Amino acid sequence: MKLKDKTAIITGAASGMGKAMALRFAQEGAHVVAADLNEEGLQKVVEEITNEGGTATPVKVNVANQSDIDNMVDTAVKEYGTLDILVNNAGIMDGMEPAGEITDEKWDKVFEINTKGVMRATRKALPIFLEKESGVIINTASTGGSNGAHAGATYTASKHAVVGFTKNTGWMYADKGIRCNAIAPGAVETNISSSMQGASEAGLKRAGMTHGLTPRTGSADEIAKVAVFLASDESSFVNGTVITADAGWTSAF
Ligand code: NAD
């Protein structure tokens, strides 16, 4: 077991990649704090984990809300005594809008969740990691975090910011036993499209040009396996970087 007795928070754990990570982390021996807005989905994940003999606690959280984030981290410490791994995975799409079609409302909503949520949870977890001089942070970025052609301008900017935040955090705490890395998934079969409220015709057309070049889509579990690697000591020398998992999509440009 690669994560035996480690305590791991995973945000966005009710669906898609976060759910797959929660299941895999529990199979690897971690105590999982499964965090999401979707309480019904969380109950199902926790049930699945406990039925398999694993340990998990559900926590309802809106990652755009600091008091929810505080409660999420405090719950991990209360239930399991500490925190070892923080996976900032919750995220939403924009509507593929190019810059000229962005509304302030959607920009703020996407950034609150995709970017500020990552910062807030990291900031809250750091004192625990600093005290024990050990901790792992994994952020789910996107190929849209290094590439300009996969989504709308808002999502693209929000994930580029996550990549920058990941690199900075990896560097700033590299001498404190803390590692911070990101995963950049390509196109993965999840429920992410249900987070799209309205879609730009022009944006869909332009982004769609590159979507057609994806060698294939991935499964959520293929991303969860990368997360297990980054969470475990097998990646002890990997810090401040991004692992792309996209079947080679971005190697084309
Ligand atoms: P998903 O929609 O299946 O899962 C996302 C989960 O996040 C959902 O359970 C949702 O309830 C939760 N969530 C949304 N807003 C939240 C909030 N404010 N607070 C707490 N939880 C919230 O999608 P997914 O594809 O598994 O997405 C996971 C991450 O992967 C996201 O950050 C997404 O941007 C990123 N990503 C997805 C793809 C893809 O192709 N699916 C590609 C690259 C990156």
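Refer to the structure printed above.
Residues numbered from 1 in each chain as written. Predicted model: local features only at pLDDT ≥ 70, side-chain atom pairs only at ≥ 80, totals over all residues. Heavy atoms only, no water.

Participant: If you had to explain the site of the ligand to someone new, which residues and values would you point to?
Facilitator: Taken together, 27 residues are adjacent to the ligand, and Ser-15, Asp-36, Asn-89, Tyr-155 and Thr-190 come closest. At a separation of 2.6 Å, an oxygen atom of the ligand approaches a polar side-chain atom of Thr-190. Alone, the ligand offers 830 Å² of accessible surface; in the complex the protein occludes 92% of this. Where the shell around the ligand is concerned, the elements lending two or more residues are helix 1 (16–27) and helix 5 (153–172). (Near = heavy atom within 4 Å. Polar contact = N/O pair within 3.5 Å; in protein donor to acceptor, adjacent residues only side chain to side chain. Areas by Shrake-Rupley, 256 points an atom, 1.4 Å probe, with all protein chains shown as cover. Helix = DSSP H or I, 4+ residues; strand = E, 2+ residues; numbered from the N terminus.)

Participant: Requested: an account of the pairing of strand 5 (residues 135–140), with residues and values cited.
Facilitator: The element strand 5 is largely enclosed, with a buried count of 6 among its 6 residues. Side-chain alternation along strand 5 places Gly-135, Ile-137 and Asn-139 on one buried face and Val-136, Ile-138 and Thr-140 on a second face that is also buried. Where strand 4 (residues 85–88) lies against strand 5, 4 bridges are found, and the strand directions are parallel. Residue pairing for strand 5: Asn-88 is matched across the bridge by Asn-139. Read from strand 4 through helix 4 (residues 104–132) to strand 5, the crossover connection turns out right-handed. (Buried < 20%, exposed > 50% of the residue type's maximum accessible area, 1.4 Å probe, protein only. Pairing = 2+ DSSP bridges. Right-handed = clockwise from strand over helix to strand, strands pointing away.)

Participant: So what about the packing of helix 1 against helix 7 (residues 220–231)? Which residues, and what values?
Facilitator: At a minimum axis separation of 8 Å, helix 1 and helix 7 run at an interaxial angle of 55 degrees. On the basis of the axis angle, helix 1 is oblique to helix 7. The element helix 1 and its partner helix 7 pack so that their crossing is right-handed. Facing helix 1, whose interface residues are Gly-16, Met-17, Ala-20, Met-21, Arg-24 and Phe-25, helix 7 presents Ala-220, Asp-221, Ile-223, Ala-224, Lys-225, Ala-227, Val-228 and Ala-231. A breakdown of the residues in the contact of helix 1 with helix 7 according to their chemical character gives 10 nonpolar, 1 polar and 3 charged. (Axes fitted to C-alpha atoms, helices over the stretch in contact; angles between N-to-C directions. Parallel < 35°, antiparallel > 145°, perpendicular 65-115°, else oblique. Left-handed = near helix turned anticlockwise from the far one by under 90°. Contact = heavy atoms within 4.5 Å. Nonpolar A, V, L, I, M, F, W, Y, C, P; charged D, E, K, R; others polar.)

Participant: Any details on the nonpolar core? Residues and values, ideally.
Facilitator: Ranked by internal contacts, the top residues of the largest apolar core, which has 34 residues, are Ile-10, Met-21, Phe-25, Val-32 and Ile-85. Among the elements of the structure, strand 1 (7–11), helix 1, strand 2 (31–36), helix 2 (39–51), strand 4, strand 5 and helix 7 are those that each provide at least two residues to this core. By residue number, the principal contributor to this core is helix 7, which donates 8 residues. Dropping the residues within four chain positions of it, Ile-10 is found in contact with Gly-18, Met-21, Ala-22, Phe-25, Val-32, Val-33, Ala-34, Ala-35 and Val-87. (Core = buried A, V, L, I, M, F, W, Y, C linked by side-chain atoms within 4.5 Å.)

Participant: Describe the sheet that holds strand 9 (residues 242–245), with residues and values.
Facilitator: Strand order across the open sheet formed by 7 strands is 3-2-1-4-5-6-9, with parallel pairing between neighbours. Here the strands that pair on one side only, and so sit at the sheet edges, are strand 3 (55–60) and strand 9. Strand-to-strand twist across the sheet, computed as the mean angle between neighbouring axes with direction ignored, equals 15 degrees. Note: strand 1 against strand 4, 3 bridges, orientation parallel.

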